[in-house]
Amino acid sequence: MTAAERPTPEGGPGAAAPEAPLYVDLDAAIRETPVAEALAQLEDDLIGLRPVKERVREIAGLLLLGKVRERAGLQTERPTLHMSFTGRPGTGKTTVAMRMARILHLLGYVRKGHLVVATRDDLVGQYVGHTAPKTKEVVKRAMGGVLFIDEAYYLYRPENERDYGQEAIEMLLQVMENHREDLVVILAGYGDRMDTFFRSNPGFHSRIAHHLEFPDYSADELMTIAEGMVAQQQYRFDDGSRAAFREYIARRMRQPHFANARSMRNAIDRIKLRQASRLLASAGRVAVDELRRIDAADVRASRVFREA
């Protein structure tokens, strides 16, 4: 047998390159990661926010498919994952950021999957040399996860020549570019103010890949949220207090400084104070269920009704 006739040992110089798979099992890819469970939890835990949930699913789908492409031997660049969350207070931005951090971790795009929440006060110093160490410390804590900067536009105060926010901005821009494989930054705040902020700081806008707008909750959604808060704390509305609270929502939504779910939480805290005062004023023996029941008077004592 000549040398040319001898079979080439497996893996030798003459061996054929392994063929790329012709098919991939997407169902198996989904089963192999708990991301579907995380998305289901997002759906169950948050009332409303339909466009936000759809966008989160789209981002998760893109990232999952990127992993499938890698396993299939296809060239896949890591996508830019920095985001902007815009909307009024109490619309679930921080909660969605927490869920997003977990999804990114489950898909292998961040090492830890934790969320660090920061504001201007955490990043900007009050004198020369103070801003850099503060910003570095926050970034260090966030590495391997998600840095959520709430009301990010307060970093930029052009009317104050001695403001040190610009130094924090420049450091964050550098981190977002140089450590994009180990840190995801989410900038959050009111939509109109964030638009102005991005126009004044185009470096941020060019690094943001995903813009998510958080709508206000409807009155029905706010009532569902309030019912959940009350039940979680082992209180309950009766028919009268439920009707009163629906009216409270309608009135409160028309007033200044309305903060969606945050306003519901604050309202319930004040209702609990009034209920406690009412029960203690009556003294004597009360049924255990009365410790749970919210009376219409506990709701209607709010100044929201008086101001109307």
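Each remark here, short or long, concerns the structure printed above.
Residues numbered from 1 in each chain as written. Predicted model: local features only at pLDDT ≥ 70, side-chain atom pairs only at ≥ 80, totals over all residues. Heavy atoms only, no water.

**Thoughts on helix α4 (residues 93–106)**
Spanning 14 residues, α4 covers 20 Å between terminal C-alpha atoms, matching the ideal 20 Å at 1.5 Å per step. When we look at burial in α4, the residues that qualify are Lys93, Val96, Ala97, Arg99, Met100, Ala101, Ile103 and Leu104. Where α4 is buried, its residues contact α2 (35–45), α3 (50–71), β1 (83–86), β2 (115–118), β3 (146–150) and β4 (184–189). Positive phi appears at Gly108, one or two residues downstream of α4, with a value of about 85 degrees. (Helix = DSSP H or I, 4+ residues; strand = E, 2+ residues; numbered from the N terminus. Expected span 1.5 Å × (residues − 1). Buried < 20%, exposed > 50% of the residue type's maximum accessible area, 1.4 Å probe, protein only. Contact = heavy atoms within 4.5 Å.)

**Here we look at the sheet that holds β2**
A sheet is described by the order of its strands in space; here 5 strands give the open sequence β2-β3-β4-β1-β5, paired in parallel fashion. One side of each edge strand has no neighbouring strand; the edge strands of this open sheet are β2 and β5 (210–213). With direction set aside, neighbouring strand axes in the sheet form an average angle of 20 degrees. In the sheet, β1 pairs with β4 via 4 bridges, with the strands oriented parallel. (Pairing = 2+ DSSP bridges. Axes fitted to C-alpha atoms, helices over the stretch in contact; angles between N-to-C directions.)

**Focus: unusual backbone geometry**
In this model, Gln234 sits at a positive phi of 65 degrees, which is unusual for a non-glycine residue. Given a relative accessible area of 60%, Gln234 falls into the exposed group. The phi dihedral of Asn260 is positive, around 50 degrees, even though this residue is not glycine. Looking at the element boundaries, Asn260 is found in helix α12 (residues 260–282).

**Considering empty space enclosed by the protein**
On inspection of all chains with the given rule, the structure shows 1 cavity of 30 Å³ or more. Here the largest cavity defines a volume of roughly 40 Å³. Forming the walls of the largest cavity are Phe245, Tyr248, Ala267, Arg270, Ile271, Arg274, Val299 and Ser302. Of all elements in the fold, only α11 (239–253) and α12 reach the threshold of two or more residues within the lining of the largest cavity. (1 Å grid on protein atoms, 1.4 Å probe; cavity = no way out; pocket = protein on both sides within 12 Å on 5 of 7 lines; lining within 4 Å. Points joined across faces, edges and corners; volume = space filled by probe spheres on them.)

**Concerning the side chain of Asp298**
Structurally, Asp298 is set in helix α14 (residues 296–300). Within the structure, the side chain of Asp298 is placed 2.9 Å from the side chain of Arg278, a separation counted as a polar contact. With sequence-adjacent residues up to four places away left out, Asp298 is seen in contact with Ile271, Arg274, Gln275 and Arg278. (Polar contact = N/O pair within 3.5 Å; in protein donor to acceptor, adjacent residues only side chain to side chain.)

**Looking at a nonpolar patch on the surface**
Side chains of Val24, Leu26 and Leu65 sit close together on the surface and give an oily, nonpolar patch of about 250 Å² of accessible area. Checked against the element boundaries, Val24 lands in the segment before α1 (26–32). Overall, Val24 belongs to the partly exposed group, its relative accessible area being 44%. (Patch = residues over 30% accessible without salt bridge, like charges linked within 9 Å, V, L, I, M, F, W, Y side chains within 5 Å. Areas by Shrake-Rupley, 256 points an atom, 1.4 Å probe, with all protein chains shown as cover. Salt bridge = Lys/Arg side-chain N within 4 Å of Asp/Glu carboxyl O.)

**A look at the pairing of β5**
Going residue by residue along β5, you find His210 and Leu212 tucked away on one face and His211 and Glu213 left uncovered on the opposite face. In the sheet, β1 pairs with β5 via 4 bridges, with the strands oriented parallel. Opposite Phe85, over in β5, you have Leu212 as the bridge partner.

**Overview of the packing of aromatic side chains**
Enumeration over the complete set of coordinates arrives at 8 aromatic pairs. Their ring planes at 40 degrees and their centres at 6.4 Å tell us that Tyr248 and Phe305 sit as a pair that is tilted. With a gap of 57 residues between them, Tyr248 in helix α11 and Phe305 in helix α15 (residues 303–307) connect regions that are remote in the sequence. Accessibility classification places Tyr248 together with Phe305 in one group, the buried group. In this structure, Lys67 is placed above the aromatic ring of Tyr109, and the distance from its NZ or CZ to the ring centre is 4.6 Å. (Phe/Tyr/Trp six-rings, centres within 6.5 Å; stacked < 30°, edge-to-face > 60°. Lys NZ or Arg CZ within 6 Å of the ring centre and 35° of its normal.)

**Some words on the side chain of Arg252**
Secondary-structure assignment places Arg252 in helix α11. Given the relative accessible area of 12%, Arg252 is considered buried. Leave out the neighbours within four places in its chain, and Arg252 touches His257, Phe258, Ser263 and Val304.

**A look at the environment of Met229**
Within the fold, Met229 resides in helix α10 (residues 219–232). As a C-alpha pair, Met229 and Ala72 span 157 residues in sequence and 46 Å in three-dimensional space. For Met229, the residues in contact, after removing those within four places along its chain, are Ala261, Met264, Arg265 and Ile268.

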